[in-house]
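Observations on the model geometry
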Amino acid sequence: MIELLVIGSYALLAGAVVGALGVGALRLVRRRSILAHIAVLLAVTIASVTAGVTAVAQAMFLSAHDLQVVLVTVAASAAVSLAVGVAFARRLARAAVWADQARQRERQLEVGRRELVAWVSHDLRTPLAGLRAMAEALEDRVVDDPATVAEYHHRVRVETDRMTRLVDDLFELSRINAGALRPALSPVPLGDVVSDAIAAIAPLAADRGVRVLAPETGWPTVRAGEAELARVVTNLLVNSVRYTPPDGTVRVDTGHDEGDVWFAVSDTCGGIPEADLPRVFDVAFRGTRARTPAGADQPAPAGGGLGLAIVRGLVEAHGGRVHAHNVTGGCRFVVRLPPA
């Protein structure tokens, strides 16, 4: 019994020395990855066992042959333990990184939701206040000359159209986020879609003095939902036209690359701040705090910063991808879609 207590004391003392060194090693790697921490823990455990066996052997409790047998056994167990531990640590590290990214993404989405509620509330409240004022003026006959009455009717229609677009955009975004969007895919001539979109935004471009250019030929055919693809092109064009100063240019290009069909909308807006580029397709992101529409007769893009978020959702629903980057004097939005 006494010999067992002595052996245990030698092993405990040796393990304590190794453990103290291990604590120091853990403090040195406290800012490193999970993989480094687990590797140090496994190394400390193995070293503690090895130190205890060696200390007991040096105290003449083990023969040289028995010491070699024990050390070989410990070495084999150490190799297996380190291999399993490193594999587990890598898996745990990936899970930790994924969880951290998920938390960051959730925080960004929560901020986006709050901004969306605030901006959409403003975008609805402003035209509603104007509609109520004009309705009361017409009801109380504060205005009665035909020209003013006609102007009020026109403004009521414009504001109603704006709110309708905002509600439609919110519904479209809810379908995208819920995964309920199922485009009816078919071969679609991209040139026809671009031509129709340019014609639709021509009044806005003319009012702002912006030229919209596109090649007449060379347009490929893509496999997409025609209505959804038209929405993507229109949103990109409206966004570029609204942020391009007078006498600027918006250009649409297309081509083939790595088995995909791509088209790009480039403008001369002056560029997007590099810090904002990763967020341009986020919900409720506008890049500025301005919340008032540009003009009463100008068709607003998706209210609350929804236009580019809808673009990304529609493109991804087609199995494509979209990204933005700066070019000389402006920025460029590139959409990649599967060919027909």
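Everything here concerns the structure above.
These remarks concern the structure in this document. Please read all numbers here as calculations on a predicted model, not as lab measurements. (Residues numbered from 1 in each chain as written. Predicted model: local features only at pLDDT ≥ 70, side-chain atom pairs only at ≥ 80, totals over all residues. Heavy atoms only, no water.)

Moving on to the nonpolar core. Counting 49 residues, the largest nonpolar core has Leu229, Leu236, Leu237 and Phe263 as the members making the most contacts within it. Sort the elements by how many residues they give to this core and helix 5 (residues 190–208) lands first, with eight residues. (Core = buried A, V, L, I, M, F, W, Y, C linked by side-chain atoms within 4.5 Å. Buried < 20%, exposed > 50% of the residue type's maximum accessible area, 1.4 Å probe, protein only. Helix = DSSP H or I, 4+ residues; strand = E, 2+ residues; numbered from the N terminus.)

At their nearest, the axes of helix 4 (residues 146–178) and helix 7 (residues 307–317) sit 10 Å apart, and the two run at 40° to each other. Considering their axes alone, helix 4 and helix 7 lie oblique with respect to each other. Relative to helix 7, helix 4 is oriented so that their crossing is left-handed. For the pair formed by helix 4 and helix 7, the contact residues are Asp169, Glu172, Leu173 and Ile176 on the first element and Ala309, Ile310, Gly313 and Leu314 on the second. Grouping the amino acids of the contact of helix 4 with helix 7 by side-chain chemistry returns five nonpolar, one polar and two charged. (Axes fitted to C-alpha atoms, helices over the stretch in contact; angles between N-to-C directions. Parallel < 35°, antiparallel > 145°, perpendicular 65-115°, else oblique. Left-handed = near helix turned anticlockwise from the far one by under 90°. Contact = heavy atoms within 4.5 Å. Nonpolar A, V, L, I, M, F, W, Y, C, P; charged D, E, K, R; others polar.)

Now for the pairing of strand 7 (residues 330–337). A large share of strand 7 lies buried, amounting to eight of its eight residues. One ladder, built from six bridges, connects strand 5 (residues 260–266) with strand 7; its direction is antiparallel. If you follow Trp262 over to strand 7, its bridge partner there is Arg336. Pairing analysis gives seven bridges linking strand 6 (residues 321–327) to strand 7, with the strands arranged antiparallel. Along strand 7, the bridge assignment pairs Ala324 with Phe333. Between strand 6 and strand 7, which follow one another and run antiparallel, lie two residues, and Gly329 among them has a positive phi close to 85°. (Pairing = 2+ DSSP bridges.)

This brings us to helix 7. The buried fraction of helix 7 is high, at eight of eleven residues. On the buried face of helix 7, the contacting elements are helix 4, helix 6 (226–243), strand 6 and strand 7.

Right, let's get into unusual backbone geometry. The bulk of non-glycine residues show a negative phi, and the bulk of peptide bonds are trans. In this structure, Arg141 takes a positive phi of about 55° despite not being glycine. Structurally, Arg141 is set in the loop between helix 3 (64–139) and helix 4. Phi is positive for Asp247, which is not a glycine, with a value near 70°.

Let us look at the sheet that holds strand 4 (residues 249–257). The strand order 2-4-5-7-6 describes an open sheet built from five strands, whose pairing is mixed. Two strands in the sheet have a free side with no partner beyond their single neighbour: strand 2 (211–213) and strand 6. Strand after strand, the sheet turns through a mean of 20° between neighbouring axes, direction not considered. Sheet topology places strand 2 next to strand 4; three bridges connect them, and they run parallel. In the strand pairing of strand 4, Arg211 is matched with Thr249. Of the strands in this sheet, strand 2, strand 4 and strand 5 touch helix 5, which is tilted by about 175° from strand 2.

One can find Thr244 in the loop between helix 6 and strand 4. One polar contact links the side chain of Thr244 to the main-chain carbonyl oxygen of Ser240, over a distance of 2.6 Å. Setting aside residues up to four positions removed in sequence, Thr244 forms contacts with Arg208, Val210, Thr249, Val250, Asp267, Thr268 and Cys269. (Polar contact = N/O pair within 3.5 Å; in protein donor to acceptor, adjacent residues only side chain to side chain.)

This part is about helix 4. Side chains of residues three or four places apart in an α-helix project in the same direction, reflecting 3.6 residues per turn. Here helix 4 is 33 residues long and its end C-alpha atoms lie 48 Å apart, about the 48 Å a rise of 1.5 Å per residue gives. Directly after helix 4, the chain includes Gly179, whose backbone phi takes a positive value near 70°. (Expected span 1.5 Å × (residues − 1).)

Don't take any of this as a statement about function, it's just geometry.
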